[in-house]
Amino acid sequence: MNTTDYIALENKYGAHNYKPLDVVIKRGKGVWVKDVEGKKYMDFLAAYSALNQGHCHPRLVKVMKKQSKKLALTSRAFRNDQLPLLAKELCKLTGYDMMLPMNSGAEAVETAIKAARKWGYKIKKVPRNKAEIIVCDGNFHGRTITIISFSPEDQYKDGFQPLTKGFKMVPYGDIAAFEEAITENTVAFLVEPIQGEGGVIVPPKGYLKKASQLCKEKNILLIADEIQSGLGRTGKLFAYEHEHVKPDMVTIGKALSGGMYPVSAVLSSSEILGVFNPGDHGSTYGGNPLACAIARKALKIIVDEKLSERSAKLGKYLMERLKKIDSKHVDFYRGEGLWIGIVLKKESGGARRFCEALMERGLLCKETHVNVIRLAPPLVITKKEIDWALERIENVLTML
Ligand SMILES: *Cc1c(COP(=O)(O)O)cnc(C)c1O
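Caption draft 1: Region of interest: the pattern of salt bridges. For the coordinates displayed, the defined rule picks out 12 salt bridges. Measuring nitrogen to oxygen at the nearest pair gives 3.0 Å for the salt bridge that ties Arg-59 to Asp-304. Placement of Arg-59 in helix 3 (residues 58-70) and of Asp-304 in helix 11 (residues 289-304) is noted, with a sequence separation of 245 residues between them. Relative accessible area serves as the criterion here: at 39%, Asp-304 is assigned to the partly exposed category. Across the salt bridge formed by Glu-320 and Lys-316, the nearest N and O atoms sit 3.9 Å from each other. Pair noted here: Glu-320 and Lys-316 are both in helix 12 (residues 307-323), with a separation of four residues, about one helical turn. Given a relative accessible area of 43%, Glu-320 falls into the partly exposed group.

Caption draft 2: Fine view of the domain arrangement of the protein. For the protein, the assigned domains are domain 1 (3-56 + 306-399) and domain 2 (58-304). For domain 1 versus domain 2, the separation of C-alpha centres amounts to 26 Å. Contacts between the two partners involve 31 residues from domain 1, matched on the other side by 34 residues from domain 2. Taken together, the two surfaces of domain 1 and domain 2 that pack against each other cover about 2400 Å², and 55% of this comes from carbon and sulfur. Looking only at domain 1, the three residues that lose the most surface to domain 2 are Gln-53, Glu-336 and Trp-339, adding up to 28% of its buried area. For the pair domain 1 and domain 2, the number of links is one salt bridge.

Caption draft 3: Quick look at the site of the ligand. As a structural note, the neighbourhood of the ligand is formed by Ser-104, Gly-105, Ala-106, Phe-140, His-141, Gly-142, Glu-192, Asp-225, Ile-227, Gln-228 and Lys-254. Between a nitrogen atom of the ligand and a side-chain N or O atom of Asp-225, the distance comes to 2.7 Å. Relative to its free-state accessible area of 390 Å², the ligand is covered by the protein chains to the extent of 81%. Looking at side-chain class alone, the shell around the ligand contains three nonpolar, five polar and three charged residues.

Caption draft 4: Summary view of unusual backbone geometry. In this structure, the amide linkage connecting Gln-161 to the following residue, Pro-162, adopts the cis form with an omega of 5°. Relative to the helices and strands, Pro-162 is located in the loop between helix 7 (154-157) and strand 6 (167-170). Positioned with a positive phi, Ser-49 is a non-glycine residue whose angle comes to about 80°. The backbone phi angle of Lys-254 is positive, close to 35°, even though this residue is not glycine. With respect to the helices and strands, Lys-254 occurs in the loop between strand 9 (249-252) and strand 10 (264-268). Classification of Lys-254 by relative accessible area gives partly exposed; the value is 26%.

Criteria and thresholds
Each residue is numbered by its place in its chain's sequence as written, counting from 1. Where local features are concerned, this predicted model is filtered to residues with pLDDT of at least 70; where side-chain atom pairs are given and counted, the filter is 80 or more; whole-chain, interface and lining totals use all residues. Based on all heavy atoms of the structure, the side-chain values leave hydrogens and waters out of the count. Salt bridges are counted wherever a side-chain nitrogen of Lys or Arg sits within 4 Å of a carboxyl oxygen of Asp or Glu. The helix count covers DSSP runs of H or I at least four residues long, the strand count covers runs of E at least two residues long, and both are numbered beginning at the N terminus. Accessibility here uses a 1.4 Å probe with only protein chains present; expressed as a share of the type maximum, an area under 20% marks a residue as buried, one over 50% as exposed, and anything in between as partly exposed. These domain boundaries are the output of an automatic or database domain assignment. It only takes one pair of heavy atoms within 4.5 Å for two residues to be counted as in contact. Simply put, the buried area is the total loss of 1.4 Å probe accessible area from both parts when two parts are fitted together. Any residue with a heavy atom lying within 4 Å of a molecule or strand is counted as near it. We define a polar contact as two N or O atoms separated by no more than 3.5 Å, with the added condition that, inside protein, one atom must be a possible hydrogen donor and the other a possible acceptor, whereas residues neighbouring each other in sequence contribute only through side-chain atom pairs. Accessible surface area values rest on a Shrake-Rupley calculation with a 1.4 Å probe, where residue burial reflects the displayed protein chains alone. Under the grouping applied here, Gly and all other residues not named as nonpolar or charged are polar, the nonpolar ones being Ala, Val, Leu, Ile, Met, Phe, Trp, Tyr, Cys and Pro and the charged ones Asp, Glu, Lys and Arg.

What follows is the structure, given as structure tokens:
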């Protein structure tokens, strides 16, 4: 079977809820992947930062093999010997008291929303059914009905109504708008420290800091969604560290397993996660021993291979080199660490054709929000590999 055959099969039997680039990948190792035709590409998207550790990291392959032979699933009806160790290691690494394990990112966000509401009723004493959560314009937090209920994207909501109530949207980066939206029933502010799907949008300096102060003053939980920005992507373990704040709750996912398995979690204080009693919330696969063993190793790789530091250093280098490219298409660049949005001018006809041209030259990127090319390579990338990618980016930005 060739590329065309695979695409035809997928189009016939798979729902069309995505529009992927037409490359059918068969193998991956580190930053490199190979398609079914035998063509090699560099992956400059890293599964939206799930592959910070690179494709098929040998230590992750090894632990997955080993643990899958021992024990894969118990459900939470029984205990397993991996969850306690992941919980402890994650809390020690991040400075939080407790974690609650789930599978997908959306489930972690759902969990944080449930915790915030329950905290609101039980501890803040908000009147029954009145809890409000403030979110930001441009947000992306996942695809469940509740989460899309506060999405700014009409397409994400169209046809899926009725939606979940209790959310209020304010402009991202606008602290006055946030303050104005607060009422006595506000229980939480859910925010991405840097917006990923929104187009790698970095808010004004001091925004998160001020938001955090306001949350403290008004007894509101600050929930940082670090599912894409966290675990090294921005040059720190968490993007919120750039602003020296400590959110009340953090959602993580994606790189928590280095691309091996769906694993997500919510981190928080024992007061907040303590609102859950047995039976209040759960997941059959959440906290399974295979997931936990993989996540433990994925975190260890981030620390051992200094992936946050690499992202800071190499991200700075990539940004400096990009800014030297003389292209009539580029409006500006933004980002933090190895996470950069190339914002194209309106008249350049959208980012998709640039991503397709990059693909032809062996570099896989994905456009976001029509005009932005998002660069987010695995953090294990080397300087030499970045140079290889830069040649292709420069070529496309100056030739097209
Ligand atoms: C990807 C993402 C999610 C959703 O994660 P899934 O695993 O796709 O459900 C939530 N929040 C942010 C910021 C994300 O980037």
